[in-house]
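Commentary on secondary and tertiary structure
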Amino acid sequence: MDVDTRLLRYFVAVADEGSLTRAAERLFVSQPALTKQIRRLETGLGVRLFTRSRAGMTLTGPGRALAERAPALLAGWDRAARETKSATGRAARVLRVGFLASAANEATQHIVAEFARRRPGWRVDMRQAAWSDPTAGLADADADVALLRLPFPGQDALRMTELFAEPRWVALPSAHPLAARELIPFRDLWDEPFVAAPAESGPWRDHWLASGERDGRPVRVGAVTDRPDDWLSAIANGYGIALAPESAARYYARPGITYRPVTGVSPTRAGVAWAPADDTDPVVQDFVHCCLDGVRRDTGGVR
């Protein structure tokens, strides 16, 4: 049987968690979909991998045998995929940099310019990712390094250096009654519908909904969007409001939308991330150092 690596990842998650529910939450898939994929794997292999009970999912003998080997198989595949995808860019002296929204704000241009100075003949290929991929291509080896907002799913499997923090503001339709205020307490926004990122972005979505900073008050989702333009349209059309970095007021100014500072909510943090396999890659590490230098030059360090 030719096994899809996705099935192995699903299997490893269930084996690690011992629960379909917790594994589904970790993978950001529905429990019925996960159950179906585990059965598909068992059918293809012709063995039972788990014993199911009210207590959870227990590995069988064959399941334990697969659990011992699957992580190494996946790590080897991920390494091969990353090396294969990056080979073309390296041959052309191109560094693939994934980013979300405004990347490292005004420091981005300084970062790219400093990298060009350090690496003559190299080019930075900036690749904007959808919000459904908060790793900006790192998870699928479509980027060599990425400028990201923390936290995000899969963060623990990557290297991360924080670059700066900035306050979270709120973006509202300009006709919204709260838009006339100069400063808005977050608790005054709790009952408002919010424009959210896709559910598969997990903790990244939760961060921008400030789900853990509402004293248990549930979030009302008015719309779900995956790109800045759709996000702006949803807010301007009155489907909801949204938390955003303070810098969004500069980068995403638009008629019909008003940005206001918010009290009672933690700041957002930006960082540069890369795969552990690139800890010794001189090109990736040069870019990381350029990020640190660029942010110090532009912001004076963490704010």
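These lines cover the structure that appears in this document, whether it is placed above or below. (Residues numbered from 1 in each chain as written. Predicted model: local features only at pLDDT ≥ 70, side-chain atom pairs only at ≥ 80, totals over all residues. Heavy atoms only, no water.)

Pairing is mixed in the open sheet, where four strands are placed in the order S8-S12-S7-S11. The strands lining the two open edges of the sheet, one partner per strand, are strand S8 (184-185) and strand S11 (242-245). Note: S8 against strand S12 (residues 257-263), two bridges, orientation parallel. Counterpart to Pro-185 in the pairing with S12 is Thr-263. Each of strand S7 (168-173), S11 and S12 touches helix H7 (residues 228-236); the most contacted strand, S12, lies at about 90° to it. (Pairing = 2+ DSSP bridges. Helix = DSSP H or I, 4+ residues; strand = E, 2+ residues; numbered from the N terminus. Contact = heavy atoms within 4.5 Å. Axes fitted to C-alpha atoms, helices over the stretch in contact; angles between N-to-C directions.)

Looking now at unusual backbone geometry. The step from Leu-150 to Pro-151 runs through a cis peptide bond, and the omega angle for that step is -5°. Mapped onto the elements of the fold, Pro-151 is located in the loop between strand S5 (145-150) and strand S6 (159-166). The backbone of Ala-136 sits at a positive phi, close to 55°, despite the residue not being glycine. Note that Ala-136 resides in the loop between strand S4 (123-128) and S5. In this model, Asp-215 sits at a positive phi of 55°, which is unusual for a non-glycine residue. Its place among the elements puts Asp-215 in the loop between helix H6 (203-209) and strand S10 (220-224).

Moving on, we get to the sheet that holds S4. In space, the five strands of this open sheet follow the order S4-S3-S5-S13-S6, with mixed pairing throughout. Two strands close off the open sheet at either side, each with one partner strand: S4 and S6. Pairwise comparison of adjacent strand axes, ignoring direction, gives a mean angle of 25° for this sheet. Note: S6 against strand S13 (residues 268-274), seven bridges, orientation antiparallel. Across the sheet, residue Thr-161 finds its bridge partner in S13, namely Val-272.

The next subject is the state of the cysteines. Going through the model one piece at a time under the given rule, you end up with zero disulfides. Here Cys-291 is not disulfide-linked; the sulfur of Cys-290 is the nearest cysteine sulfur, at 7.1 Å. (Disulfide = S-S within 2.5 Å.)

What follows deals with the pattern of salt bridges. A complete count under the given rule lists 17 salt bridges for this structure. Residue Arg-52 pairs with Glu-42 through a salt bridge whose shortest N-O separation is 3.0 Å. In this pair, Arg-52 is assigned in strand S1 (residues 50-53) and Glu-42 in helix H3 (residues 31-45), connecting sequence segments 10 residues apart. We classify Arg-52 as partly exposed; its relative accessible area is 32%. Relative accessible area serves as the criterion here: at 10%, Glu-42 is assigned to the buried category. Residues Asp-279 and Arg-159 are paired through a salt bridge, measuring 2.8 Å at the closest nitrogen-oxygen approach. Pair noted here: Asp-279 is in the loop between S13 and helix H9 (282-299) and Arg-159 is in strand S6, with a separation of 120 residues, a long-range link. Here Arg-159 falls in the partly exposed class, since its relative accessible area comes to 36%. (Salt bridge = Lys/Arg side-chain N within 4 Å of Asp/Glu carboxyl O. Buried < 20%, exposed > 50% of the residue type's maximum accessible area, 1.4 Å probe, protein only.)

Before going further, it helps to examine the packing of helix H1 (residues 5-17) against helix H2 (residues 20-27). Closest axis-to-axis distance for the H1/H2 pair is 8 Å, and the angle between their directions is 130°. With respect to H2, the axis of H1 lies oblique. Where H1 crosses over H2, the handedness of that crossing is right-handed. For the pair H1 and H2, contact is made by Arg-9, Tyr-10, Val-12, Ala-13, Val-14, Asp-16 and Glu-17 and by Leu-20, Arg-22, Ala-23, Arg-26 and Leu-27, respectively. (Parallel < 35°, antiparallel > 145°, perpendicular 65-115°, else oblique. Left-handed = near helix turned anticlockwise from the far one by under 90°.)

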